[in-house]
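# Tertiary structure, described
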2 protein chains.
Amino acid sequence: MKHALSVTRAEDFSRWYQTVIAEADMAEESGVRGCMVIRPWGYGIWERMQRLLDDRIKATGHENCYFPLFIPLSYFEKEAEHVDGFAKEMAVVTHHRLVQKDGRLVPDPEAKLEEPLVVRPTSETVIGAAFSRWVQSWRDLPVLINQWANVVRWEMRTRMFLRTAEFLWQEGHTAHASEAEAREETLKMLEVYRAFAEDCCGIPVVAGEKPENERFPGAVATYSIEAMMQDGKALQAGTSHFLGTNFSSAQNIRFQNAAGELELAQTTSWGVSTRMIGGLIMVHGDDDGLRVPPRVAPWQVIIVPMLRDAPEDEAVLDYARSLQAELSRQTALGEPIRAMVDARAQKAGNKRWGWVKKGAPIVVEVGPRDVAAGNVAVIRRDRLYQESGKLDTAFVARDGFVDQAAGLLAEIQEALHVEARARLDAGVRRDVTDFAGLETHFAEGERNPGWVEVEWARPTGVALDAVVERLKALKLTIRNVPGTAAPAQGPCIFTGEPAVERILVARAY
Amino acid sequence: MKHALSVTRAEDFSRWYQTVIAEADMAEESGVRGCMVIRPWGYGIWERMQRLLDDRIKATGHENCYFPLFIPLSYFEKEAEHVDGFAKEMAVVTHHRLVQKDGRLVPDPEAKLEEPLVVRPTSETVIGAAFSRWVQSWRDLPVLINQWANVVRWEMRTRMFLRTAEFLWQEGHTAHASEAEAREETLKMLEVYRAFAEDCCGIPVVAGEKPENERFPGAVATYSIEAMMQDGKALQAGTSHFLGTNFSSAQNIRFQNAAGELELAQTTSWGVSTRMIGGLIMVHGDDDGLRVPPRVAPWQVIIVPMLRDAPEDEAVLDYARSLQAELSRQTALGEPIRAMVDARAQKAGNKRWGWVKKGAPIVVEVGPRDVAAGNVAVIRRDRLYQESGKLDTAFVARDGFVDQAAGLLAEIQEALHVEARARLDAGVRRDVTDFAGLETHFAEGERNPGWVEVEWARPTGVALDAVVERLKALKLTIRNVPGTAAPAQGPCIFTGEPAVERILVARAY
């Protein structure tokens with residue numbers, strides 16, 4: 001079978017990933033260190049993700065706001081752990097003007113800021129300052145807000161969508177009167193993320209609490225959803241943090257409770273970023289490029305008219321356009337079908353393969369003979385080939401296709417999810433009961449070792465550090481304590497003590 | 001008549017504007033110099049504007065992308081005029097790490113960037129660099145893209161929504177094979193902006209070309225839409241620029257034409273920002289607060305249940321919620337009606353006035369007697385009072401209200417637009433034929449002098465500078481040459497020469 005990409009997943013997963021991004025016109029290096037340009041197909045997927053996740057964030061009672069890009073240094077100094085966690089990788093604005101000097105532009109020494117500003121790496125501090133103004137009484141609580149924004153973390157090694165200096169995300173921030181309510185919120189948003197990843201992106205995930213060493217700087221508890229890439233590595237695809245009173249004490253978010261006493265608010269924060277697009281590629285891509293689940297596909301049905309610079313072109317284009325109009329009147333997966341006619345002046349075959357690489361769920365080709373017979377030629381991106389290796393094109397009646405398109409899209413959405421779910425289910429080993437077994441499993445040089453779920457005694461402090469070091473030697477990290485894991489019943493694989501819970505151990509992005 | 005705000009437009013328009021923003025919970029100072037926090041009601045209006053304008057930008061064939069926040073200094077050095085226009089007001093990133101020093105955080109001297117980065121004030125340069133990679137042949141043209149982003153211009157005097165250091169906007173950028181096509185694009189997007197302002201925001205505007213001295217730095221021609229505020233000042237509410245080959249030569253955007261020769265692409269750019277929200281306030285606000293046209297209102301119908309901590313509260317809430325559900329199934333102005341129940345634990349009267357100040361188009365109050373009688377009490381924000389000065393509440397049957405809600409919202413949308421249009425039409429004087437007349441008109445100390453449309457000979461260079469200075473002495477600027485203005489027929493009011501066109505002269509934000 002010949003494939004559309006120059007490299008397969010099996011040959012070189014990392015190069016395959018970069019190739020998909022390039023060939024599907026999703027993103028490219030910008031020339032600005034660590035920053036990428038997100039091109040229309042990549043950004044279109046992000047817009048779809050935004051729309052679907054935003055609906056869910058609003059449906060759970062949150063409102064969108066917008067907070068400043070810049071954070072004064074003094075805000076950061078207030079939360080010590082938070083500073084330690086972020087201070088090493090922030091962009092710092094020190095001047096507000098440029099001047100010409102020796103024919104070059106330089107920061108104007110006369111325009112130095114009295115207090116340097118940090119470009120937000122995350123917004124707990126500046127949003128906490130706003131909360132402290134908004135919250136006076138228990139009647140002002142809860143405060144439930146979210147923002148869609150760009151953030152900057154000065155990463156040394158970058159990788160498109162997975163780790164870039166600037167990235168796009170949503171960050172939710174809430175303040176509550178009680179710890180119980182804030183903890184409930186943290187878990188509620190974790191569940192929103194799980195459902196969004198699975199139902200919209202077709203990405204099965206394991207939701208659970210992160211170990212102490214993987215907590216967000218300043219958090220009391222951090223939860224994540226972890227997705228399995230096709231190379232067996234884990235990708236943290238969303239996090240939800242219970243911050244307790246760490247930020248409210250630093251930012252002075254106090255309220256008068258019903259008894260008239262002053263209390264610190266309990267806060268949470270949670271975020272999902274453009275990283276999810278990297279996950280989408282590594283979960284659903286194949287050796288022909290990306291496959292986009294219909295719910296997050298910018299276009300779900302691409303109609304390619306076979307044009308030949310001939311008089312019948314006009315009839316073919318009309319046929320394509322009226323097909324597009326008919327499809328747009330149908331509802332699939334709760335929304336109008338997004339169908340477009342690709343009338344660019346290129347060979348139909350090139351256009352077909354361009355859309356295959358981009359991963360449009362359905363490509364429909366129409367030529368003069370289809371116009372005459374009232375047919376269409378349909379290619380499903382999730383089942384591109386017949387068993388023989390031949391392209392699986394279904395020649396069907398146009399009316400039938402229009403009637404079935406919504407069902408077909410729902411089927412593709414489901415099929416991609418089921419395929420990924422089966423891979424995740426098969427990819428987690430649960431029978432490793434000692435550290436030697438873990439070493440053996442990950443030392444075997446298998447291309448795809450997947451994940452291993454083991455039991456541990458949840459050590460803390462230096463004992464935890466020791467565990468982290470032993471795992472690091474195997475290039476492993478603890479992903480989370482799956483919320484759905486069985487109870488522990490044997491010894492901790494690190495210490496031999498009675499285990500208290502099961503953790504997922506994996507290589508990760 | 002008693003009003004909901006502590007200051008009226010007539011008393012102090014500037015203080016009234018700030019008061020509306022505060023009392024309608026739209027935005028607030030953030031504590032970060034020149035940056036504001038956009039609160040849910042303000043941001044909700046922006047989200048509505050985004051959705052409606054984005055639909056129109058996409059319908060005209062543009063795709064959304066995302067480009068880096070940071071621009072290396074060297075990119076700016078390439079377009080000399082552009083640098084001069086922006087270099088004085090940019091945030092400059094010089095370091096990528098902080099360290100602790102004497103207990104304070106400071107930029108780490110070890111982490112100084114080799115080339116400082118500018119926080120984008122606008123993205124022609126960095127997008128031009130991408131275009132130069134994307135465009136090789138005439139087949140690659142046109143490139144039609146847009147991005148929604150934050151930008152930073154280090155303004156000395158800031159004013160919420162109108163002039164802030166950081167603001168949100170969309171910036172469209174396109175490249176074309178011919179000047180004619182690029183000029184057509186520039187005017188097409190100007191028309192998109194005009195229609196968006198008028199049809200969605202209910203803000204009548206005058207679209208036209210800016211004079212030479214008001215051009216965007218680096219543009220060959222700049223067009224604007226100008227809106228009239230209630231104090232008679234003009235607000236530039238959107239701009240569209242024909243950039244010729246100024247940026248394509250600086251950024252090397254070249255293509256092989258059909259004859260095989262290398263040519264420079266012709267580019268355009270165009271933008272609308274959160275400034276539009278400032279315009280919305282100053283066009284539609286009244287002495288009771290904001291009035292939001294239904295198309296851009298986050299919530300169009302607010303249902304306030306009259307709760308009294310009594311057993312019948314549950315029935316009132318049920319009644320409110322089922323009313324909300326019924327309304328949500330109706331379509332108004334092309335979209336489902338956005339109705340919400342305000343069930344907060346506050347007095348109904350406070351809630352009513354809160355929503356009046358926010359400018360929700362319709363407020364519906366329901367109490368136990370309404371439940372029994374199947375009625376609702378309806379307040380239209382655009383006609384708040386009866387002639388007697390009494391609040392104009394309509395007590396109507398619930399079913400009738402549900403049936404008429406869509407029509408009512410369309411009527412309010414239209415009424416606000418018509419009112420503003422009448423004000424604009426009445427506010428432009430066209431009979432001033434000499435400079436002395438202009439001086440007299442603007443010297444009369446009227447509170448609202450409106451705009452004056454006069455004839456001029458379109459001087460350039462130093463002659464234009466002289467005109468600009470004479471106007472400046474009267475605190476006036478040239479807004480634009482209205483596309484719909486009559487032809488000139490008399491002398492230039494500045495020079496006495498035969499005039500060539502008519503220009504709008506006004507005080508402006």
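Every value quoted in this text rests on a predicted model; they were computed, and no experiment measured them.

## Some remarks on the overall build of chain A
Tallying secondary structure elements over chain A gives 14 helices and 28 strands in all. Computed over the C-alpha atoms, the radius of gyration of chain A is 26 Å, within 12% of the 23 Å expected from 2.2 N^0.38 for a compact globule of 509 residues. For chain A, buried positions account for 60% of its 509 residues. Counted over contacts in chain A with a minimum sequence separation of 6, partners at least 24 positions apart contribute 70%. A total of about 20,000 Å² of accessible surface is found on chain A, and carbon and sulfur atoms cover 48% of it. Of the charged side chains in chain A, 60 are positive and 72 negative; the average position of the first set lies 4 Å away from that of the second.

## Focus: the pairing of strand 7 (residues 104-107) of chain B
As judged from the four bridges shared by strand 6 (residues 98-101) of chain B and strand 7 of chain B, these two strands associate in the antiparallel manner. From the neighbouring strand, Q100(B) faces strand 7 of chain B, where its bridge partner is L105(B).

## Regarding the pairing of strand 28 (residues 501-506) of chain B
Residue and element names in this part refer to chain B. Buried residues dominate strand 28, accounting for six of its six residues. In terms of strand pairing, strand 25 (residues 451-456) meets strand 28 through five bridges, oriented antiparallel. Considered in strand 28, the bridge of W456 is made with E501. Where strand 26 (residues 477-478) and strand 28 come together, two bridges link them in antiparallel fashion. Looking at strand 28, one finds that I478 is bridged to V505.

## Quick notes on the environment of N257(A)
Residues and elements named next belong to chain A. With respect to the helices and strands, the residue N257 is situated in the loop between strand 14 (254-256) and strand 15 (262-264). Taking the C-alpha atoms as reference points, N257 and A177, 80 residues apart in sequence, are found 7.8 Å from one another. Not counting residues up to four positions away in its chain, the partners in contact with N257 are W138 and E263. Side chain to side chain, N257 and E263 meet in a polar contact 2.8 Å long.

## Quick word on helix 12 (residues 398-427) of chain A
Turn by turn, an α-helix covers 3.6 residues, leaving residues three or four places apart pointing in a common direction. End to end, helix 12 of chain A covers 41 Å across 30 residues, agreeing with the expected 44 Å (1.5 Å per residue, within 8%). Along helix 12 of chain A, the helix axis deviates most sharply at Q404(A), where the bend reaches about 50 degrees.

## What about the sheet that holds strand 28 of chain B?
Residue and element names in this part refer to chain B. Spatially, four strands are ordered 24-25-28-26 in an open sheet, and the strand pairing comes out mixed. Each edge of the sheet is formed by a strand with only one pairing partner; in this case those strands are strand 24 (428-429) and strand 26. Here helix 13 (residues 435-443) sits on the sheet and contacts strand 24, strand 25 and strand 28; the angle it forms with strand 25, its principal contact strand, is near 170 degrees.

## Focus on the sheet that holds strand 21 (residues 362-366) of chain B
All names here are of chain B. Overall, mixed pairing links the five strands, which are arranged 20-17-21-22-23 in an open sheet. Bordering the open sheet on either side are strand 20 (339-341) and strand 23 (393-397), each of which pairs with just one other strand. The sheet shows a mean angle of 25 degrees between the axes of neighbouring strands, direction not considered. Pairing of strand 21 with strand 22 (residues 375-380) involves four bridges; the strand directions are antiparallel. Its bridge partner being in strand 22, V364 is matched across the sheet by V378. Helix 10 (residues 348-358) rests against strand 17 (301-305), strand 20, strand 21 and strand 22 of the sheet, and its axis sits at about 170 degrees to strand 17. Strand contacts of helix 12 (residues 398-427): strand 17, strand 21, strand 22 and strand 23, with the helix running at about 10 degrees to strand 22, the strand carrying the most contacts.

## Overview of the environment of V135(A)
Residues and elements named next belong to chain A. Among the structural elements, V135 can be located in the loop between helix 5 (124-134) and strand 9 (143-152). The buried category is assigned to V135, whose relative accessible area is 1%. Linking V135 and I253, residues 118 residues apart in sequence, is a C-alpha distance of 6.7 Å. When neighbours within four sequence positions are excluded, V135 is seen to be in contact with D140, L141, V143, I253, R254 and F255.

## So, the side chain of R48(A)
Within the element layout of this structure, R48(A) appears in helix 2 (residues 40-59). Residues within four places of R48(A) in sequence aside, it is in contact with R295(A), V296(A), A297(A), P298(A), E335(A) and R338(A).

## A few points about unusual backbone geometry
In this structure, the amide linkage connecting L141(A) to the following residue, P142(A), adopts the cis form with an omega of -5 degrees. Mapped onto the elements, P142(A) comes out in the loop between helix 5 and strand 9. One non-glycine residue, D309(B), lies in positive phi territory at about 55 degrees. Of note, R458(B) is a non-glycine position whose phi angle comes to about 50 degrees, a positive value. For R458(B), a relative accessible area of 47% gives the class partly exposed.

## Quick word on the domain arrangement of chain A
Residues and elements named next belong to chain A. Looking at chain A, the domain boundaries give domain 1 (13-90 + 122-284), domain 2 (294-411) and domain 3 (428-506). The centre of domain 1, based on its C-alpha atoms, is set 37 Å off from the matching centre of domain 2. On the side of domain 2, eleven residues touch domain 1, which itself brings 13 residues to the contact. In total, about 1,100 Å² of surface goes out of reach between domain 1 and domain 2, with carbon and sulfur atoms giving 63% of it. Among the residues of domain 1 in contact with domain 2, E23, W41 and R48 are the three that bury the most area, contributing 57% of the side total. One can count three salt bridges joining domain 1 with domain 2. A salt bridge links D25 to K358; its shortest N-O distance comes to 3.2 Å. Applying the counting rule to domain 1 against domain 2 returns six residue pairs in polar contact (both at pLDDT 80 or more). Elements that contribute at least two residues to the side of domain 1 that touches domain 2 include exactly helix 2 and helix 6 (179-200). If one sorts the elements of the side of domain 1 that touches domain 2 by residue count, helix 2 sits on top with six residues.

## Some details on the packing of helix 2 of chain A against helix 8 (residues 275-284) of chain A
Residue and element names in this part refer to chain A. In contact at an axis separation of 10 Å, helix 2 and helix 8 are set at 110 degrees when each is read in the N-to-C sense. When the axes of helix 2 and helix 8 are compared, the pair comes out roughly perpendicular. Contact residues: helix 2 offers G42, I45, W46 and M49, while helix 8 offers M276, I277 and L280. Per-class residue counts for the contact of helix 2 with helix 8 are six nonpolar, one polar and no charged.

## Comments concerning the interface of chain A and chain B
Frequently, the measure chosen for interface size is the accessible area that the parts lose on association. Across the boundary between the two partners, chain A contributes 64 residues, which contact 64 residues of chain B. Summing the contributions of chain A and of chain B, the shared interface buries around 5,500 Å²; its carbon and sulfur component is 61%. For chain A, the biggest contributors to the area lost against chain B are Y66(A), L98(A) and L105(A); these three give 12% of the whole. The partner of E47(B) in a salt bridge is K58(A), with the nearest N and O atoms 3.0 Å apart. In this assembly, chain A and chain B are joined by 32 residue pairs in polar contact (both at pLDDT 80 or more). Among the elements that line the side of chain A that touches chain B, the one with the most residues is helix 2 of chain A, at six residues.

Procedures and definitions
Residues numbered from 1 in each chain as written. Chains lettered and ligands numbered in written order. Predicted model: local features only at pLDDT ≥ 70, side-chain atom pairs only at ≥ 80, totals over all residues. Heavy atoms only, no water. Helix = DSSP H or I, 4+ residues; strand = E, 2+ residues; numbered from the N terminus. Rg over C-alpha atoms; globule rule 2.2 N^0.38 Å. Buried < 20%, exposed > 50% of the residue type's maximum accessible area, 1.4 Å probe, protein only. Contact = heavy atoms within 4.5 Å. Areas by Shrake-Rupley, 256 points an atom, 1.4 Å probe, with all protein chains shown as cover. Lys, Arg positive; Asp, Glu negative; His and termini not counted. Charge placed at Lys NZ, Arg CZ, Asp CG, Glu CD. Pairing = 2+ DSSP bridges. Polar contact = N/O pair within 3.5 Å; in protein donor to acceptor, adjacent residues only side chain to side chain. Expected span 1.5 Å × (residues − 1). Bend = angle between axes of the 7 residues up to and from the residue. Axes fitted to C-alpha atoms, helices over the stretch in contact; angles between N-to-C directions. Domains from an automatic or database assignment. Buried area = accessible area lost by both parts, 1.4 Å probe. Salt bridge = Lys/Arg side-chain N within 4 Å of Asp/Glu carboxyl O. Parallel < 35°, antiparallel > 145°, perpendicular 65-115°, else oblique. Nonpolar A, V, L, I, M, F, W, Y, C, P; charged D, E, K, R; others polar.

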